[in-house]
Amino acid sequence: MSERIQIDKGPKGYRFFKRLFDITFSLIALLLLSPLILILALIIPVTSKGSPFFRDIRVGRGYKIIGVFKFRTMVSDAQKHPEKYLNEAQMKQWKEERKVDNDPRLTKFGRFLRKTSIDEIPQFLNILFGSMSFAGPRPITEFELEKHFTDEEKTLLLSCRPGLIGVWAVNGRSDVSFESGERQKLELSYLEKRSLWFDLKILFKTIPAVLGRKGAE
């Protein structure tokens, strides 16, 4: 692990307005989406026993471990007991990649939530509380960080808050993998280009990408 992580690189004015936008945007989004959040919080436990929410452990700015909020899309014990649902080949993939193609642990309603990216709505809470930002590299697991990034790349990647939307998210998502090396390039490219205008550009690209379900699993 890299212990010396510089945080908040970039002009102070940009950091101030970015955080101001994050707070304003997340508050407005949570207010407008509150009826949908309530409805989904009631539907999910009916379609699959368990809490409607899931806290995904990721690595945030400065190597701080954060809990990323999502609507639950899998069976409630999917993380604790994957062996109950995965065959031998799937368990091998899960241990090596921390993901499974056509994961049988996904619920039917959960597949819909993922396809539409609705499962990520609770992340507006992360943005409001400051563990995430509106735009930035997507939150990454420690496994992915250690396997796919050099120490220098880790330092750069973790110098800012992870984002709800980012360059990778609007350029294919699951169609662009770590294994090919393309996802690393896309995630790191944000740090080179970031500005308020670039963040807004990502926003306008995200809308058609989500509506078109580009690269969504």
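Residues numbered from 1 in each chain as written. Predicted model: local features only at pLDDT ≥ 70, side-chain atom pairs only at ≥ 80, totals over all residues. Heavy atoms only, no water.

**A word on the overall build of the protein**
Inference 1: The secondary structure content of the protein amounts to 8 helices and 4 strands.
Inference 2: N-terminal to C-terminal, the α/β element order of the protein is α-β-β-α-α-α-β-α-α-β-α-α.
Inference 3: Counting over 217 residues, the protein shows a buried share of 49%.
Inference 4: Counting contacts in the protein only where the partners sit at least 6 residues apart, residues at least 24 apart contribute 70% of the total.
Inference 5: Working note: accessible area of the protein is about 12000 Å², and carbon and sulfur atoms make up 60% of it. (Helix = DSSP H or I, 4+ residues; strand = E, 2+ residues; numbered from the N terminus. Buried < 20%, exposed > 50% of the residue type's maximum accessible area, 1.4 Å probe, protein only. Contact = heavy atoms within 4.5 Å. Areas by Shrake-Rupley, 256 points an atom, 1.4 Å probe, with all protein chains shown as cover.)

**A short note on the nonpolar core**
Inference 1: In terms of nonpolar packing, the biggest core is built from 31 residues, with Phe 71, Phe 124, Ile 165, Tyr 190 and Ile 202 touching the most fellow members.
Inference 2: Listing elements by their share of this core, those giving two or more residues are helix H1 (12-47), strand S2 (65-71), helix H4 (123-129), strand S3 (133-135), strand S4 (163-165), helix H7 (182-193) and helix H8 (196-211).
Inference 3: The element that contributes the greatest number of residues to this core is H1, accounting for 6 residues.
Inference 4: In this structure, Phe 124 is in contact with Phe 25, Ser 26, Ala 29, Leu 30, Leu 33 and Leu 164, ignoring residues within four places of it in sequence.
Inference 5: Tyr 63, Phe 149, Leu 157 and Phe 178 belong to the second-largest nonpolar core, a separate cluster that totals 9 residues. (Core = buried A, V, L, I, M, F, W, Y, C linked by side-chain atoms within 4.5 Å.)

**Some points on the packing of aromatic side chains**
Inference 1: Taken as a whole and judged by the stated rule, the model has 9 aromatic pairs.
Inference 2: Taking the centre distance of 5.4 Å and the plane angle of 15° together, the rings of Phe 21 and Phe 25 count as stacked. With a gap of 4 residues between them, Phe 21 and Phe 25 both fall in helix H1, about one helical turn apart.
Inference 3: Overall, Phe 21 belongs to the partly exposed group, its relative accessible area being 32%.
Inference 4: Here the aromatic rings of Phe 149 and Phe 178 are separated by 5.8 Å at their centres, their planes lie at 80°, and the arrangement is edge-to-face. A residue pair is termed long-range when its members are at least 10 positions apart, and Phe 149 in the loop between helix H5 (142-148) and helix H6 (151-157) and Phe 178 in the loop between S4 and H7 qualify at 29 residues.
Inference 5: Pairwise contacts between aromatic rings join Phe 21, Phe 25, Phe 124 and Phe 134 into one cluster. (Phe/Tyr/Trp six-rings, centres within 6.5 Å; stacked < 30°, edge-to-face > 60°.)

**Observations regarding the pairing of S2**
Inference 1: Among the 7 residues that make up S2, 5 are buried, leaving the element largely enclosed by the rest of the structure.
Inference 2: Linking two consecutive strands that pair antiparallel, namely strand S1 (residues 53-59) and S2, is a turn of 5 residues; a positive phi of about 70° is found at Gly 62 within it. (Pairing = 2+ DSSP bridges.)

**Points about a nonpolar patch on the surface**
Inference 1: On the surface, a nonpolar cluster with roughly 570 Å² of combined accessible area is contributed by Phe 21, Trp 197, Leu 200, Phe 204 and Ile 207.
Inference 2: At 4 residues, the largest contribution of residues to the nonpolar patch is made by H8.
Inference 3: In this structure, Leu 200 sits in helix H8.
Inference 4: We classify Leu 200 as partly exposed; its relative accessible area is 30%. (Patch = residues over 30% accessible without salt bridge, like charges linked within 9 Å, V, L, I, M, F, W, Y side chains within 5 Å. Salt bridge = Lys/Arg side-chain N within 4 Å of Asp/Glu carboxyl O.)

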